[in-house]
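Chain by chain, the residues:
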Amino acid sequence: SDSGEAHRPMIHFSPERHWMNDPNGMFEYKGVYHLFFQYYPGGNKWGPMHWGHATSKDLFRWKEQPIALYPDSLGYIFSGSAVVDKNNTSGFGKDGKVPIVAIFTHHDPKGADAGKQDYQNQSIAYSLDEGMTWTKYAGNPVLKNPGIIDFRDPKVRWHEDTRQWIMTLATKDRITFFASPDLKNWKKLSEFGEKVGAHGGVWECPDLFPLRYKGKNYWVLLVSINPGGPNGGSATQYFLGDFNGKEFTPRDTLTRWLDYGPDNYAGVTISSDKQTPVFIGWMSDWRYAQDVPTTRWRSAMTLPRTLSIQGEGNNLAVRTYPLDFPTSLISTRYTLKNFTFGGPPDVYNTQKDSLLRMRLTMPVTSVAIQCTNGKGEKLVFGYDHSTNQYFIDRSEAGNTDFHPDFPKIIYAPRLTSSKTLELDFILDRSSLELFDGWTSMTAIFFPTETFRITGSSIPYNFPVEWYVEMLNPARSPA
Ligand code: FRU
C-alpha cells in the first residue's frame, strides 16, 4: 500500500510522519502563525506526548518545524496554549526580546500507573526567538493538582479589564478559572459547568474568548467532551454568556455544538491581537483515530475557521465559517445558475484531485450531492427537508471497516429558519467540511480512489446558484 499518502489532505495540515492529535499553543506574532500539536514521533498511535510544531503565513501552507517540547521527568507534554507576553509580566524577556510563554499540562504516567490522583499539573516554558525554541521554567509545575484526576489543557488569555492572565482549565466534569499576574503564580477564581451542558464524557480542551455583536460584548466558552458528541464520539460544545474577570455566567442552559460532525475535536482559537478569532480543531474522533487507514502519518487539522456571533431574533449563536482561501490557492472561480449536474462539464472534468469549495444558494428544499469514483464507492451529503437535517453518508465511501461506528450516517439539525438554503462545503481528498453559517459538520473518509462530484438531486433549471472555487494544493503532492 502507499501507507496512506493517497489520503493525505492537500489543503489541511497533516504531519509528515507519525501520530498527531490536538492543536496546541497556537499563536500569531509578526505575521507568522504557529501551530503546535500533540505528537508522538515514535509511532502512528498515541504515545508519550510531545509538542510538534509547524509555521505558516496564511494558515493554509504549513512548514513543519523541529519538535518544540519533549517529555521530561515531570511527564508527557499534554495540551495547552501559548501567549505573547508583550509587557514581560513573566520576567522571561531579555534584551528587549518579547517572551512567548507556553502553558501546558505535565502528565506524569508513573503517577497515573501508581493510582495517584494528582498526576496532571500545569507547567510553563518560554521562547525568546519568536516561538522556535523553548526553555522550560525551572519552577515547574506552576499550578499543582489538588487531587482531581482530570486536570488539564490550560488555555490562557490576557483579560484587559482586570489586567491579569486568565487560565481556563478542564477539571473533570467542569471548568475551573484561575488568574495570574505573571503566568507563574495562579489563584483559583471560580468553577463552571457541573450542572449545565453535555456531560456524556470528560471535559477537555476549553477556550474562553470575547466576541462583539451589535455593540455588545459576549464571552464564548468552548468545551470539548469525549465521548458524548451529537453523533457519538468526541465533539466540542460551547456556551454563550458573560465573563467578569472572575466568573462565567451563561445566557441560557442550552447545549450547543460548534460542529455536529464526528471529526472536529479539541479545537481552540489562535492567540492573536486580531479582532476575529480563528479556530482550528483536530480532524478526527477518539473512537477510531488510531485505526484510520493511513500508516505513515495519522490525523490532520480542520481548516481554519472564523468565529463570530449572529442572531435571528433572540436566538444568538456562534457562526463558524471557513477562512477565505488566499487567491493563490484558487485556480478557478465561477458562478453557475440554474443548471443541473448533467450540464456544465467543468465541475466534473477539471477536478484534478478531490479539492474544491462550493457554495449552493437556493430555496429551502431537499438536496443530495454525490461523490463517486471508479471503484463504485460513494460519499453522499446534503439536506433532508422532511426531517430538517443535514447529513453525510460515508457508509460506502471506501475503507470503513476499521471501526463499527465509522460507517454510520451523520446528522445535524438545521438551526436557521431562513427561506434560503445555503450549503457551503470544502472537499479535500479525505475530508468534507460543511457549513450553512449556523450548523457545521466535519467528516473524514478513505476512498480507495479519488472522489469526484458526479451528481446531485437538484432538478434541472432549479433556481440554485453554485459558487465554485477549484483549489490548488497547499502542499506538494506526495
Ligand atoms: C484531548 C486530550 C487532552 C489531552 C491530550 C492528550 O484529545 O485527551 O485532554 O491533553 O488529548 O494527548
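On a predicted model such as this, the values are computed, not experimentally measured, just so you know.

(A) Here's a closer look at the sheet that holds strand β1 (residues 18–29). In spatial order, the strands read β4-β3-β2-β1-β20; together these 5 strands make up an open sheet with mixed pairing. Strand pairing shows two members of the sheet lacking a second neighbour, β4 (62–69) and β20 (297–298), which therefore form its edges. Here 7 bridges tie β1 to strand β2 (residues 32–40), and the two strands are oriented antiparallel to one another. Directly across from Trp19, in β2, lies its bridge partner Tyr40.

(B) Representation of the pairing of strand β14 (residues 216–226) within the structure. Among the 11 residues in β14, 8 count as buried, and that is most of the element. In this sheet, β14 lies alongside strand β13 (residues 202–213) in antiparallel orientation, the contact comprising 10 bridges. Bridge pairing links Pro210 to Trp219 in β14. Hairpin connection between β13 and β14: a loop of 2 residues separates the two successive antiparallel strands, and Lys214 in this loop has a positive phi of roughly 50°. Here β14 runs beside strand β15 (residues 235–243); their pairing, made up of 7 bridges, is antiparallel. Its bridge partner lying in β15, Ser224 is registered against Thr236.

(C) Focus on the nonpolar core. Phe177 and Leu360 are the most contacted members of the largest nonpolar core, which has 54 residues in total. For Leu360, the contacting residues outside a window of four places in its chain are Val367, Ile369, Leu421, Glu422, Leu423, Phe425, Ile458, Val464, Glu465 and Trp466. Ranked by size, the runner-up nonpolar core spans 36 residues in total, among them Tyr33, Trp62, Tyr76 and Tyr265.

(D) The site of the ligand, seen in detail. Contacts to the ligand come from Asn21, Asp22, Gln38, Trp46, Met49, Phe78, Ser79, Arg152, Asp153, Glu204, Tyr265 and Trp286. Side-chain polar atom of Asp22 to an oxygen atom of the ligand: 2.7 Å apart, as the coordinates give it. Ser79 is positioned such that a nitrogen or oxygen atom in its backbone is 3.2 Å from an oxygen atom of the ligand. Relative to its free-state accessible area of 320 Å², the ligand is covered by the protein chains to the extent of 94%. Elements with a contribution of two residues or more to the shell around the ligand: β1, β5 (76–84) and β9 (151–159). Among the residues making up the shell around the ligand, the classes are represented as 5 nonpolar, 3 polar and 4 charged.

(E) A look at the environment of Gly376. Looking at where Gly376 falls in the secondary structure, it is placed in the loop between β25 (367–372) and β26 (378–384). A C-alpha to C-alpha distance of 40 Å links Gly376 and His34, two positions 342 residues apart in sequence.

(F) The arrangement of the packing of aromatic side chains in detail. Counting across every chain of the model gives 32 aromatic pairs. Their ring planes at 50° and their centres at 5.2 Å tell us that Tyr383 and Tyr390 sit as a pair that is tilted. Here Tyr383 matches Tyr390 in class, with each residue buried. Within the aromatic cluster, the residues linked to one another by ring pairs are Phe27, Phe36, Trp51, Phe104 and Trp134.

(G) Geometry of the sheet that holds strand β8 (residues 135–136). Spatially, 4 strands are ordered β5-β6-β7-β8 in an open sheet, and the strand pairing comes out antiparallel. Among the strands making up the open sheet, the edge pair consists of β5 and β8. As defined by bridge partners, strand β7 (residues 120–127) adjoins β8 across 2 bridges and the pair is classed as antiparallel. From the neighbouring strand, Ala125 faces β8, where its bridge partner is Lys136.

So, how was this worked out
Residues numbered from 1 in each chain as written. Predicted model: local features only at pLDDT ≥ 70, side-chain atom pairs only at ≥ 80, totals over all residues. Heavy atoms only, no water. Pairing = 2+ DSSP bridges. Helix = DSSP H or I, 4+ residues; strand = E, 2+ residues; numbered from the N terminus. Buried < 20%, exposed > 50% of the residue type's maximum accessible area, 1.4 Å probe, protein only. Core = buried A, V, L, I, M, F, W, Y, C linked by side-chain atoms within 4.5 Å. Contact = heavy atoms within 4.5 Å. Near = heavy atom within 4 Å. Polar contact = N/O pair within 3.5 Å; in protein donor to acceptor, adjacent residues only side chain to side chain. Areas by Shrake-Rupley, 256 points an atom, 1.4 Å probe, with all protein chains shown as cover. Nonpolar A, V, L, I, M, F, W, Y, C, P; charged D, E, K, R; others polar. Phe/Tyr/Trp six-rings, centres within 6.5 Å; stacked < 30°, edge-to-face > 60°.

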